[in-house]
Amino acid sequence: MQVMQLEEMQQFLLDHFPQGEQYGKLDELGDGWSLMRLAVGDDHLRPGGTVSGPTMMGLADVAVYAALLSRIGPVALAVTTNLNINFLRKPKPNADLLARAEMLKVGKRLGVGEVAVYSEGDEDPVAHATMTYAIPDKGAA
């Protein structure tokens, strides 16, 4: 059941995780899913003109964070405990990156999600990630 709406989540991210904006902006939010957008700039590129791995990992991580919080509410202290990413093809250096995250399971203590990262305009993903988030006790949040 979705407990945070798009505007509420955008404000929460600004208030509690403003540094996350360097990894993209939240475009859409639903029940256990999110869509993030990153306008790729020169500071995201590595030699050879490809988007850097850390940039894509950051985008994917914030996307899962938003998807998780859509289910559990504003829990600032939920943290990544595992992130696995596969880089599938070279992203376009002149197109926005889109990350579509979906929660696979949300329990009392852990949330597991996956993310597909795309260059805008392409159907084939450039990266795929899975990650696990630790959810703190309600008293710690």
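Above this text sits the structure in question.
Source: prediction; values computed, not measured.

Cut-offs used in this document
Residues numbered from 1 in each chain as written. Predicted model: local features only at pLDDT ≥ 70, side-chain atom pairs only at ≥ 80, totals over all residues. Heavy atoms only, no water. Salt bridge = Lys/Arg side-chain N within 4 Å of Asp/Glu carboxyl O. Buried < 20%, exposed > 50% of the residue type's maximum accessible area, 1.4 Å probe, protein only. Helix = DSSP H or I, 4+ residues; strand = E, 2+ residues; numbered from the N terminus. Core = buried A, V, L, I, M, F, W, Y, C linked by side-chain atoms within 4.5 Å. Contact = heavy atoms within 4.5 Å. Pairing = 2+ DSSP bridges. Axes fitted to C-alpha atoms, helices over the stretch in contact; angles between N-to-C directions. Expected span 1.5 Å × (residues − 1). Parallel < 35°, antiparallel > 145°, perpendicular 65-115°, else oblique. Left-handed = near helix turned anticlockwise from the far one by under 90°. Phe/Tyr/Trp six-rings, centres within 6.5 Å; stacked < 30°, edge-to-face > 60°.

> How do you make sense of the pattern of salt bridges when you look at a structure like this?
Where charged atoms from two side chains of opposite charge come close, those side chains can pair. Taken as a whole, this structure holds 7 salt bridges when the rule is applied. In this structure, Lys25 and Glu21 form a salt bridge, with 3.4 Å as the shortest nitrogen-oxygen distance. Look at Glu21 and you get partly exposed, because its relative accessible area is 40%. Two residues, Arg37 and Asp27, come together in a salt bridge whose shortest N-O distance is 2.7 Å. Highlighted residues: Arg37 in strand β2 (residues 33-38) and Asp27 in strand β1 (residues 25-30), separated in sequence by 10 residues.

> Got a minute to help me understand the nonpolar core in this structure?
In summary, soluble globular proteins display a tendency toward joint burial of nonpolar side chains. Formed by 36 residues in total, the largest nonpolar core has its most connected members in Met9, Leu97, Val115 and Val117. Elements with a contribution of two residues or more to this core: α1 (6-16), β1, β2, α2 (53-72), β6 (97-106), β7 (110-119) and β8 (127-134). The greatest single-element share of this core, amounting to 11 residues, is contributed by α2. Apart from the residues lying within four places of it in its own chain, the contact partners of Val115 are Ala60, Val64, Ala99, Arg100, Ala101, Ala127, His128, Ala129 and Met131.

> Even after reading the chapter, I still don't get the sheet that holds β2, so can you show me in this structure?
Across the sheet, which stays open at both edges, the 6 strands sit in the order β1-β2-β6-β7-β8-β5 with antiparallel pairing between neighbours. A single partner strand is all that each edge strand has here, and the edge strands are β1 and β5 (79-87). In this sheet, adjacent strand axes meet at a mean angle of 20° when their direction is disregarded. One ladder, built from 6 bridges, connects β2 with β6; its direction is antiparallel. When the bridges of β6 are listed, Trp33 appears paired with Glu102.

> Please clarify how α2 should be interpreted in this entry.
Given 3.6 residues per helical turn, the α-helix brings residues three or four places apart onto the same face. If you check α2, its first and last C-alpha atoms are 28 Å apart, about what 20 residues at 1.5 Å a residue would give, namely 28 Å. Positioned one or two residues after α2, Gly73 has a phi angle of 95°, which is positive.

> Teacher, can you tell me more about the side chain of Ser52 here?
Inspection of the secondary structure puts Ser52 in the loop between β4 (50-51) and α2. Overall, Ser52 belongs to the buried group, its relative accessible area being 13%.

> Would you explain the packing of α1 against α2 in this entry?
For any two helices packed against each other, one specifies the inter-axial angle together with the distance between the axes. Where α1 contacts α2, the two axes come as close as 11 Å, and the packing angle between them is 120°. One element, α1, and the other, α2, form an angle in the oblique class. α2 is crossed by α1, and the crossing has right-handed handedness. For the pair α1 and α2, contact is made by Met9, Phe12 and Leu13 and by Tyr65, Ala66, Leu69 and Ser70, respectively.

> Whenever I open this one, the environment of Gly41 confuses me. Can you help?
Looking at where Gly41 falls in the secondary structure, it is placed in the loop between β2 and β3 (45-46). A relative accessible area of 21% means that Gly41 is categorised as partly exposed. Expressed as a C-alpha distance, the spacing of Gly41 and Leu59, which sit 18 residues apart in the sequence, is 14 Å.

> I keep staring at the packing of aromatic side chains and nothing clicks. Help me out?
Remark: the centre distance and the inter-plane angle together describe each pair of aromatic rings, the angle taken between the planes. Under the defined criterion, the tally for this structure stands at 2 aromatic pairs. Summarising the aromatic geometry, the rings of Phe17 and Tyr65 are spaced 6.1 Å apart at their centres and angled 75° between planes, so their arrangement reads as edge-to-face. Of the two residues, Phe17 is situated in the loop between α1 and β1 and Tyr65 in helix α2; the sequence distance between them amounts to 48 residues. Classification of Tyr65 by relative accessible area gives buried; the value is 6%. Ring plane angle 25° and centroid distance 5.8 Å describe the contact between Tyr65 and Tyr133, whose orientation is recorded as stacked.

Interpretation note: all reported values are geometric properties and have no functional meaning in isolation.
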